[in-house]
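Each chain, letter by letter, is given below.
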Amino acid sequence: MEKTVIKYRHCGRDVYSFSHLDASYSHRTDDWERQCPICHQTRTFGLLDAPVALPCPFRNGHKVSCAFLIGSIHGPSYLGEWNDTEIHVGLSNSEGLVYNYTLSGVRRDAHGWEQCVCVQLVPPERRDLRESWDSELEQFSVLPEWIPERFSEERAFGSCCYGFALTFINHMRWLDGKASLSRDEFTGRHVLPRMKAVSRYINIYHAILQHGFYIANTPDDM
């Protein structure tokens, strides 16, 4: 999902397409670029209707420090709400190394999380917490709870990688004098809102791939 999605308003509707600046999309003709897909007339814009780039919900997790990361081994297109593919989660340290609990135990990935959903949990100004995050995460990752043999057991209880991440997050909240979050609380506050936005973005992106544009039906379509 490398193309830039733009949004503009024409004929009273929000329209999405790929930016003509994308080299991979340069085969489109100039006439097509200037036409509105609704009225098929040359597009003209007022100041408030001009095209703007839609922020991509996927980021390089190795460049987002002290964050909760959500990814898929099949790529970001498989992170939509309707997809049954199992997602994987991890935690980045301040250097961008991603700790994640797998069948082989806790992995420390220097790459592989370049397109994921990121929830940064430590503000940049909290230097004290960022420094302790790294040391605590390394110590936490070698606890006997996270040995390979226990992965299947944790998965049976619906935990495994998510349980690893949330248990550590609550450990850091305790060190910071904050109350723990239940799985439902953390998911509702940090995960579901982002995944809904991701699903809408993927839906729009795939529609543009298929038709060359996407016309929003409701204000909720981004």
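- The protein chain has the name MKRN2 opposite strand protein in an unreviewed UniProt entry, where Anabarilius grahami is given as its organism.

So, the overall build of the protein chain
Right, on to step 1. Counting its regular elements, the protein chain contains five helices and nine strands.
Right, on to step 2. Counting from the amino terminus, the protein chain carries its helices and strands in the arrangement β-β-α-β-β-β-β-β-β-α-α-α-α-β.
Right, on to step 3. When each of the 222 residues of the protein chain is scored for burial, the buried share is 42%.
Right, on to step 4. Expressed as a percentage of contacts within the protein chain between residues at least 6 apart in sequence, the contacts between residues at least 24 apart total 65%.
Right, on to step 5. When the accessible surface of the protein chain is totalled, it reaches about 12,300 Å², and 52% of it is carbon and sulfur.

Some points on the packing of helix α2 (residues 127-141) against helix α4 (residues 160-175)
Right, on to step 1. It is at 11 Å that the axes of α2 and α4 come closest, and there the two elements cross at 135 degrees. Judged by the inter-axis angle, α2 sits oblique to α4. In the crossing of α2 with α4, the sense of the turn from one axis to the other is right-handed. Residues L129, S132, W133, E136, L137, F140 and S141 of α2 form the contact with α4, whose own contacting residues are F164, T167, F168, H171, M172 and L175.
Right, on to step 2. Grouping the amino acids of the contact of α2 with α4 by side-chain chemistry returns eight nonpolar, four polar and one charged.

Brief notes about the nonpolar core
Right, on to step 1. By size, the foremost hydrophobic cluster in this structure holds 46 residues, and its most contacted members are V5, F68 and L91.
Right, on to step 2. Among the elements of the structure, β2 (13-18), β4 (67-71), β5 (88-92), β6 (98-102), β8 (117-120), α2, α4 and α5 (183-211) are those that each provide at least two residues to this core.
Right, on to step 3. Among all residues touching L91, those that are not within four sequence positions of it are A67, F68, L97, V98, Y99, W133, L137, F164, A165, F168 and I169.
Right, on to step 4. Judged by nonpolar contacts, the second largest core, of seven residues, contains V64, A67, V98 and C116.

Examining the pairing of β4
Right, on to step 1. Most of β4 sits inside the fold, with five of its five residues counted as buried.
Right, on to step 2. Taking every second residue as pointing to the same face, both faces of β4 are buried, with A67, L69 and G71 on one and F68 and I70 on the other.
Right, on to step 3. Summarising the sheet, β4 and β8 pair through four bridges and their orientation is antiparallel. Bridge pairing in β8 places L69 opposite C118.
Right, on to step 4. Where β4 lies against β5, four bridges are found, and the strand directions are antiparallel. Within β5, the position partnered with I70 by the bridge is V89.

Rules behind the numbers
Residues numbered from 1 in each chain as written. Predicted model: local features only at pLDDT ≥ 70, side-chain atom pairs only at ≥ 80, totals over all residues. Heavy atoms only, no water. Helix = DSSP H or I, 4+ residues; strand = E, 2+ residues; numbered from the N terminus. Buried < 20%, exposed > 50% of the residue type's maximum accessible area, 1.4 Å probe, protein only. Contact = heavy atoms within 4.5 Å. Areas by Shrake-Rupley, 256 points an atom, 1.4 Å probe, with all protein chains shown as cover. Axes fitted to C-alpha atoms, helices over the stretch in contact; angles between N-to-C directions. Parallel < 35°, antiparallel > 145°, perpendicular 65-115°, else oblique. Left-handed = near helix turned anticlockwise from the far one by under 90°. Nonpolar A, V, L, I, M, F, W, Y, C, P; charged D, E, K, R; others polar. Core = buried A, V, L, I, M, F, W, Y, C linked by side-chain atoms within 4.5 Å. Pairing = 2+ DSSP bridges.

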